[in-house]
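Below, each chain spelled out in residue letters.
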Amino acid sequence: MTTHHRFLHRAASQRPYFSADGETYLAQTQLRHLTKDLPLRVLSEEQFASWQNLGYVVVPEAISRDAAKLLLEFAWDFQGLDPQRPETWYEERTFRSDLERDLYVYGFVEAYHHQLIWDSRQNQRVYDAFVDVWDCEELWCTLDRLNLNPPNVKNRSRSLIDPTDEGFDIELHWDVDTTASVPPQRVQGIIALTDTEPDQGGFQCSPELFRRFDEWKIAQPADRDPIRPGTDRSEFPVIRPQLKAGDLLIFNGMLAHGVAGNSSADGVRAVQYLSMMPALEEHEELRTSRVESWRTLSTPDWNATLVGDATKHESLRYGPAELDGLGRKLLGLDAWHERTR
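The present account deals with the structure reproduced in this document.

What follows is about empty space enclosed by the protein. Here the structure, examined in full by the defined rule, presents three cavities of 30 Å³ or more. Forming the walls of the largest cavity are 13 residues, and the residues nearest its centre are Gly22, Glu23, Thr142, Met277 and Trp302. If you list the elements that add at least two residues to the lining of the largest cavity, you get β8 (187-192) and α8 (284-296). Class assignment for the residues of the lining of the largest cavity results in five nonpolar, four polar and four charged.

Given below as structure tokens:
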């Protein structure tokens, strides 16, 4: 949800974060230069240093392999696809818009509030990892979805999407405007639901560009593309971190990243998109919208690419997820601290 006002969050650590939309944040210190006030909970000192230097970190077994397996089974079932019958993966269908077709090609699963999805969000180890990178305990989780990407052939071929010369590129892009004088802070994450093999595509990124960004940008033209790098991959290699089912990968919005296509014969790459950011409890409109989305299973409105399932919306399939004490705070249903009058 977008608003014309700017809201201040001051965490228990007394570190201020400003946000106009609940998605990107301004701070006095970039996350890559942040000095910790809170003790590390999940990340080691080496992992935290790597996060700041390379723009991403992998948390092994953030959720159990069994939990990842259940989420994978749910993703298949939600879409009416049979993992043992590849012909079901490419059944002809009509789309309400070009956006919906593109999302289908990329493998997005438009479910946001199933109990299994919320179980990952309110997982203590997952939450603690985001506390580590933000140095902030008062967080909200993103209301995001799953991804299940079979081989990109037939009606899931990426060739169906017209290529562009600028702006968003699924192969490599930034999540924020990198030409801004004060780059906004954004943190994203994925939980792997499968052990992904190299030919199955999946998350890829350019950590060397992140590491040398300040040096690199000086030599760039003033009118360069703010979200598409256009870099020489021989100088700034694009890598694919190896993930196993249950691993959490957290990355900085200033890390150029993308999703490689699935060129395997019959392998599938699946993830849950999950991130956390400083809570904006003063933003009552946004808080109410989040709570109502959970309560009624309505499609979250924080991102225009969340479109809801066209075949059978999740609100028609199951009821609200049960939240524990942590989950209620991560949603915004309960305040992190009792408000003083």
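Moving on, we come to the nonpolar core. One finds Val126, Phe130, Trp134, Leu139, Leu248, Ile250 and Met276 to be the most contacted residues of the largest nonpolar core, which totals 69 residues. Excluding anything up to four places from it in sequence, Leu248 contacts Val57, Val58, Val59, Ala62, Val126, Ala129, Phe130, Ile190 and Ile191. With 29 residues, the next largest nonpolar core counts Val105, Ile190, Leu209 and Leu255 among its residues.

In spatial order, the strands read β4-β10-β8-β12-β7-β5; together these six strands make up an open sheet with antiparallel pairing. Of all strands in the sheet, those with a lone pairing partner are β4 (56-59) and β5 (108-109), marking the two edges. Of the pairings in the sheet, the one linking β5 to strand β7 (residues 146-149) comprises two bridges and is antiparallel in character. Paired with Phe108 across the bridge in β7 is Asn147. Where helix α1 (residues 45-54) meets the sheet, its contacts fall on β4, β8 and β10 (248-252), and the angle it forms with β4 comes to roughly 145°.

Another aspect to go through is the side chain of His313. Among the secondary structure elements, His313 is positioned in the loop between α8 and α9 (325-331). Residue contacts for His313: discarding those within four places in its chain leaves Leu297, Ser298, Thr299 and Gly308.

A separate point is helix α2 (residues 65-78). Its 14 residues place the ends of α2 20 Å apart at the C-alpha level, agreeing with the 20 Å of an ideal helix rising 1.5 Å per residue. Among all positions in α2, only Ala68, Leu71, Leu72, Phe74, Ala75, Trp76 and Phe78 are buried. Looking at the buried positions of α2, the neighbouring elements they touch are β5, α4 (115-121), β7, β8 and β12 (269-273). Of the residues trailing α2, Gly80 is marked for its positive phi of about 70°.

Turning our eyes to something else, we now look at the layout of surface pockets. Looking at the largest pocket, its volume works out to about 810 Å³. If you go around the largest pocket, you meet 30 residues; those closest to its centre are Phe108, Phe168, His173, Asp175 and Thr305. Put simply, the parts of the chain that give the lining of the largest pocket at least two residues each are α3 (98-106), β8, β11 (257-260) and β12. Considering each element in turn, the lining of the largest pocket owes the most residues, four residues, to α3. The residue makeup of the lining of the largest pocket, split by class, is 15 nonpolar, seven polar and eight charged. Its boundaries defined by the atoms lining it, the second largest pocket holds a volume of some 390 Å³. Lining of the second largest pocket is provided by 24 residues; of these, Gln79, Arg93, Tyr104, Asp309 and Thr311 occupy positions nearest its centre. No other element matches α3, which puts three residues into the lining of the second largest pocket. Split by residue class, the lining of the second largest pocket holds 10 nonpolar, six polar and eight charged.

Quick notes on the rules
Residues numbered from 1 in each chain as written. Predicted model: local features only at pLDDT ≥ 70, side-chain atom pairs only at ≥ 80, totals over all residues. Heavy atoms only, no water. 1 Å grid on protein atoms, 1.4 Å probe; cavity = no way out; pocket = protein on both sides within 12 Å on 5 of 7 lines; lining within 4 Å. Points joined across faces, edges and corners; volume = space filled by probe spheres on them. Helix = DSSP H or I, 4+ residues; strand = E, 2+ residues; numbered from the N terminus. Nonpolar A, V, L, I, M, F, W, Y, C, P; charged D, E, K, R; others polar. Core = buried A, V, L, I, M, F, W, Y, C linked by side-chain atoms within 4.5 Å. Buried < 20%, exposed > 50% of the residue type's maximum accessible area, 1.4 Å probe, protein only. Contact = heavy atoms within 4.5 Å. Pairing = 2+ DSSP bridges. Axes fitted to C-alpha atoms, helices over the stretch in contact; angles between N-to-C directions. Expected span 1.5 Å × (residues − 1).

So yeah, pure geometry; function would need other evidence.
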